[in-house]
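The primary structure of each chain is shown beneath.
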Amino acid sequence: VRSANPLPMLLLSGSVCLLGFTLFALVAFFIPNTDRSFFPPYLALPESGFELSNYYILYGVICLNALILFGFYLLALRAVGAGNSADSESTGDLAGERGEQADLTNGSDEKRRPGIWSDRNNRIIFAFSIVFHLLMFITPFLLSTDVFDYIRHGRIFAFYGENPLVVPATYFPQDPFFSLGGWVGTGSVYGSLHVYVPALLARIAGDGVAANLLLFRGFFISLNLVNLVLIWKIASRIKPGLERKALVFYGWNPFILTLVVANAHNDLLMLALVSVNL
């Protein structure tokens, strides 16, 4: 049972993933022919007309980094699963020992055997999750421009007094965010709540590109940190012991972090509203 302690593998996997996410955050500065007129660079993609052959090495590095990230992420999941199994065996052995000791001592108190998991291990899982989210906050690398659609929807309501559900951005070509992102001819498809929330954030951030990007990203990342706590509580209620694996599965997931969290997708708000009612 002691040999199944997940802490060494968790520390190793978390450290390697931390390096991988750091590389993801920095790779934007190494992509040539990228528009860097904004700070932070809002989109780290090459300008049009580039030769794919010039980027093979860079794409290879990104793919290798992704494979390593997912590999150690899966190792972390395996370590948590092994720790849970060892804890179950330890609990079963302890129950048997208690029965034997009760017969021998006629009900006297016995010492508890320490389990595999401890509060320290749980804090380590949470700590890595939080650090990963902080890296996604500061990265200039966006794989989607949806966040700029959210900003425009908020500005249509907050600054122009129109309903972004029916009034698209094409009515406001003078807006500083008009040329950022896409879907300028389409109204918001996200519903009324997603009118008020982006409007409030856009009003606070004003006209600055970096201010809006960081505020919107910070808002959705903060929501996802709340989601981590909700997922922990839901899993611990449904099946005690599952919460650690659920947290690693979601909070360390490279797909969720790089494609959803770093891009400030509003799915995180939807998940928070669903989870809080479970």
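Going by the structure above, here's the rest.
Model, not experiment: these values are computed from the prediction.

Conventions we followed
Residues numbered from 1 in each chain as written. Predicted model: local features only at pLDDT ≥ 70, side-chain atom pairs only at ≥ 80, totals over all residues. Heavy atoms only, no water. Helix = DSSP H or I, 4+ residues; strand = E, 2+ residues; numbered from the N terminus. Expected span 1.5 Å × (residues − 1). Buried < 20%, exposed > 50% of the residue type's maximum accessible area, 1.4 Å probe, protein only. Arc of directions from axis to C-beta. Phe/Tyr/Trp six-rings, centres within 6.5 Å; stacked < 30°, edge-to-face > 60°. Lys NZ or Arg CZ within 6 Å of the ring centre and 35° of its normal. Contact = heavy atoms within 4.5 Å. Salt bridge = Lys/Arg side-chain N within 4 Å of Asp/Glu carboxyl O.

Engineer: Honestly, helix H1 (residues 7-26) in this entry has me stumped. Any pointers?
Structural biologist: Between the first and last C-alpha of H1 there are 28 Å, a value that for 20 residues agrees with the 28 Å anticipated at 1.5 Å per step. Every buried residue belonging to H1 is among Leu7, Leu10, Ser13, Gly14, Cys17, Gly20, Phe21, Phe24 and Ala25, and all of these are buried. One side of H1 carries all its buried residues, which in axial view fall inside an arc of 150 degrees. Set apart from the buried face of H1 by more than 90 degrees, the exposed residues are Pro8 and Leu19.

Engineer: So what exactly am I meant to see when it comes to the packing of aromatic side chains here?
Structural biologist: Aromatic ring pairs are reported here in terms of the distance separating the ring centres and the angle at which the planes meet. Counted according to the given criterion, the structure contains 11 aromatic pairs. Between the aromatic rings of Phe70 and Tyr73, the centroid separation amounts to 6.3 Å while the plane-to-plane angle is 85 degrees, which identifies the pairing as edge-to-face. With Phe70 and Tyr73 both in helix H2 (residues 56-105) and three residues apart, this pair spans about one turn of that helix. Using a relative accessible area of 35% as the deciding quantity, one classes Phe70 as partly exposed. Assessed through its relative accessible area of 4%, Tyr73 is described here as buried. Aromatic pair Phe157 and Tyr196: ring centres 5.6 Å apart, planes at 85 degrees, arrangement edge-to-face. Of this pair, Phe157 sits in helix H4 (residues 146-158) while Tyr196 sits in helix H5 (residues 193-205); the two residues are 39 residues apart in sequence, bridging distant segments of the chain. Here Phe157 falls in the partly exposed class, since its relative accessible area comes to 34%. What links up through ring pairs into an aromatic cluster is the set Phe21, Phe128, Phe132 and Trp252. It is Arg155 that lies over the ring of Phe159; its NZ or CZ is 4.6 Å from the centre. In this arrangement the basic side chain of Arg203 is found over the ring face of Phe159, its NZ or CZ atom lying 4.5 Å from the centre.

Engineer: Help me understand the side chain of Ser188, please; the structure alone is not making it clear to me.
Structural biologist: Residue placement: Ser188 occurs in the loop between H4 and H5. Ser188 has contacts with His153, Pro164, Leu165 and His194, leaving out every residue within four places of it along the chain.

Engineer: For this particular structure, what's the right way to read unusual backbone geometry?
Structural biologist: Excluding glycine, most residues fall at negative phi; most peptide bonds, likewise, are trans. One non-glycine residue with positive phi stands out, namely Trp183, at about 60 degrees. Along the polypeptide, Trp183 turns up in the loop between H4 and H5. On the basis of relative accessible area, Trp183 is assigned to the exposed category, the value being 63%. Located in the positive-phi region is Ala264, a residue other than glycine, with phi close to 55 degrees. Its location among the elements puts Ala264 in the loop between helix H8 (254-261) and helix H9 (267-275). The class for Ala264 is buried, based on a relative accessible area of 1%.

Engineer: Before we go on, may I ask you to explain the pattern of salt bridges in this structure?
Structural biologist: Between side chains of opposite charge, a pair can form as their charged atoms come close. All chains considered together, the criterion is met by four salt bridges. Where Arg155 meets Asp175, a salt bridge forms, and the shortest distance between an N and an O atom there is 2.8 Å. Of this pair, Arg155 sits in helix H4 while Asp175 sits in the loop between H4 and H5, placing them 20 residues apart in sequence. Taking the relative accessible area as the measure of exposure, Arg155 reaches 3% and is therefore buried. Look at Asp175 and you get buried, because its relative accessible area is 8%. In this structure, the salt-bridge partner of Glu243 is Arg244, at a minimum N-O distance of 3.8 Å. Residue Glu243 is classed as buried on the basis of its relative accessible area of 9%. Looking at Arg244, the relative accessible area reads 9%, which means it is buried.

Keep in mind these values describe shape, not function.
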